[in-house]
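Listed below are the residues making up each chain.
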Amino acid sequence: MSAIWYECKVKYKKFDEATASHKMKTEPFLVDAISYTEAESRITEEMAAYLSDSEEIKITNIKIANYAEIHPFENSDRWFKSKISLIAVDEESGKKRKTNIYFLVQANDVKEAYENTVSAMADTMGEYSIPSIAESPIMDVFPYFTGEEEDVERLKNFTALRDSKRVSNETDEVLEMEDSLAAVD
C-alpha cells in the first residue's frame with residue numbers, strides 16, 4: 001500500500017534564537033495518514049512533543065501532498081522537492097512521453113539534493129531526467145509506523161537519518177596529500 005502524505009500547516013509559538021523570544025510561526029509539516037482526520041490527529045500528537053503543556057497549536061490547513069516518495073539522508077537538515085520526468089516511448093507512434101513525479105529529498109544544498117535524487121533513482125530501469133530541484137518549506141516529516149517489530153527498526157532508521165547532524169565536507173589537506181602519495185606508490 002502506498003503512503004498518502006498530508007501537508008499540515010501548523011501555527012504555534014516557536015523560539016527565535018536571533019531575538020531570544022517566542023514568536024508565532026506558521027510552518028508546514030508532512031504526515032503519512034489515511035485520512036484528513038487522521039492527519040489532524042497525528043500532527044497534533046507529533047507537535048505535542050515539541051511544545052510545553054501550556055502551549056497550543058492551531059492547524060490552519062491540511063492538503064494532500066503530491067510526493068511519490070520521501071527520502072531522508074544522513075547528515076542533512078533541509079528538504080528539497082525534486083521533479084523527476086519519467087520518459088517512456090510509445091511503441092505504436094514512437095514518440096517519447098514524459099510523466100512527472102515528485103520526490104521530497106533531504107539534503108544540505110541543491111547540489112547534494114540532486115546527488116541524493118540520483119541515488120534514490122539508482123534502481124530505476126527506465127529513462128528519466130531531473131528538470132528541477134527547489135528547496136521545500138517543509139520543516140519535518142512524520143511517517144506512519146504500526147509499531148510492529150520491523151516497523152520499529154524502520155522508524156529508528158528514519159529518525160536517525162532525519163535527525164543526524166551535518167558533517168563538514170571540507171577537504172583535509174593532510175589526508176588528501178597522504179592519499180595522493182599512496183596512489184603514486
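Structure first, text after, so check above.
Residues numbered from 1 in each chain as written. Predicted model: local features only at pLDDT ≥ 70, side-chain atom pairs only at ≥ 80, totals over all residues. Heavy atoms only, no water.

Peer 1: Where do I start with the overall build of the chain in this structure?
Peer 2: When helices and strands are tallied, the chain shows 4 helices and 8 strands. In the chain, which comprises 185 residues, the share counted as buried stands at 31%. At a minimum sequence separation of 6, the contacts of the chain that also span at least 24 residues come to 64%. (Helix = DSSP H or I, 4+ residues; strand = E, 2+ residues; numbered from the N terminus. Buried < 20%, exposed > 50% of the residue type's maximum accessible area, 1.4 Å probe, protein only. Contact = heavy atoms within 4.5 Å.)

Peer 1: So what exactly am I meant to see when it comes to unusual backbone geometry here?
Peer 2: Glycine aside, negative phi is the norm for most residues, and most peptide bonds take the trans geometry. Look at A20: it is not a glycine, yet its phi comes out positive at around 55 degrees. With respect to the helices and strands, A20 occurs in the loop between β1 (5–16) and β2 (21–32). A positive phi is found at N75, a non-glycine position, where the angle reads about 60 degrees. Take N75: it is sitting in the loop between β4 (69–71) and β5 (78–89).

Peer 1: Even after reading the chapter, I still don't get the pattern of salt bridges, so can you show me in this structure?
Peer 2: Pairs may arise between side chains of opposite charge once their charged atoms sit close together. Evaluated as defined, the whole model comprises 6 salt bridges. With a shortest N-O distance of 3.5 Å, R42 and E46 are connected by a salt bridge. Highlighted residues: R42 and E46, both in helix α1 (residues 36–48), separated by 4 residues, approximately one helical turn. For the salt bridge of E135 with R78, the shortest nitrogen-to-oxygen distance reads 3.1 Å. With E135 in strand β7 (residues 127–135) and R78 in strand β5, this pair connects stretches of sequence that are 57 residues apart. The exposure class of E135 is partly exposed, given its relative accessible area of 47%. (Salt bridge = Lys/Arg side-chain N within 4 Å of Asp/Glu carboxyl O.)

Peer 1: Help me out: how do you make sense of the nonpolar core in this one?
Peer 2: Nonpolar side chains in soluble globular proteins generally cluster together in the buried interior. In terms of nonpolar packing, the biggest core is built from 13 residues, with Y6, C8, V10, F29, V31, A39 and I43 touching the most fellow members. Of all the secondary-structure elements, those providing two or more residues to this core are β1, β2 and α1. The greatest single-element share of this core, amounting to 4 residues, is contributed by β1. When neighbours within four sequence positions are excluded, A39 is seen to be in contact with Y6, C8, V31, A33 and I62. Formed by 11 residues, the second largest nonpolar core is a distinct cluster that contains A65, Y67, W79 and I138. (Core = buried A, V, L, I, M, F, W, Y, C linked by side-chain atoms within 4.5 Å.)

Peer 1: What is the right way to read the packing of aromatic side chains from this model?
Peer 2: What describes a pair of aromatic rings is the distance from one ring centre to the other and the angle between the planes of the rings. Applying the stated criterion across every chain, the model contains 4 aromatic pairs. Between Y12 and F29, the ring centres sit 6.3 Å apart and the planes meet at 50 degrees, which makes this aromatic pair tilted. One end of the pair, Y12, is in strand β1; the other, F29, is in strand β2, with 17 residues separating them in the sequence. Each member of the pair, Y12 together with F29, is buried. Seen in terms of ring centroids, F29 and F142 are 6.2 Å apart; in terms of plane orientation they differ by 25 degrees. Their pairing is stacked. Note that F29 is positioned in strand β2 and F142 in strand β8 (residues 141–142), a separation of 113 residues in sequence. F142 matches F29 in its accessibility class, with the two residues each being buried. A network of ring pairs unites the aromatic residues Y12, F29, Y50 and F142 as a single cluster. (Phe/Tyr/Trp six-rings, centres within 6.5 Å; stacked < 30°, edge-to-face > 60°.)

Peer 1: Would you mind showing me how to read the side chain of E27 here?
Peer 2: As for its position among the elements, E27 is in strand β2. Looking at E27, its side chain comes within polar contact range of the side chain of K14, at 3.1 Å. Discounting residues that sit within four places of it in the chain, E27 has contacts with C8, K9, V10, Y12, K14 and M139. (Polar contact = N/O pair within 3.5 Å; in protein donor to acceptor, adjacent residues only side chain to side chain.)

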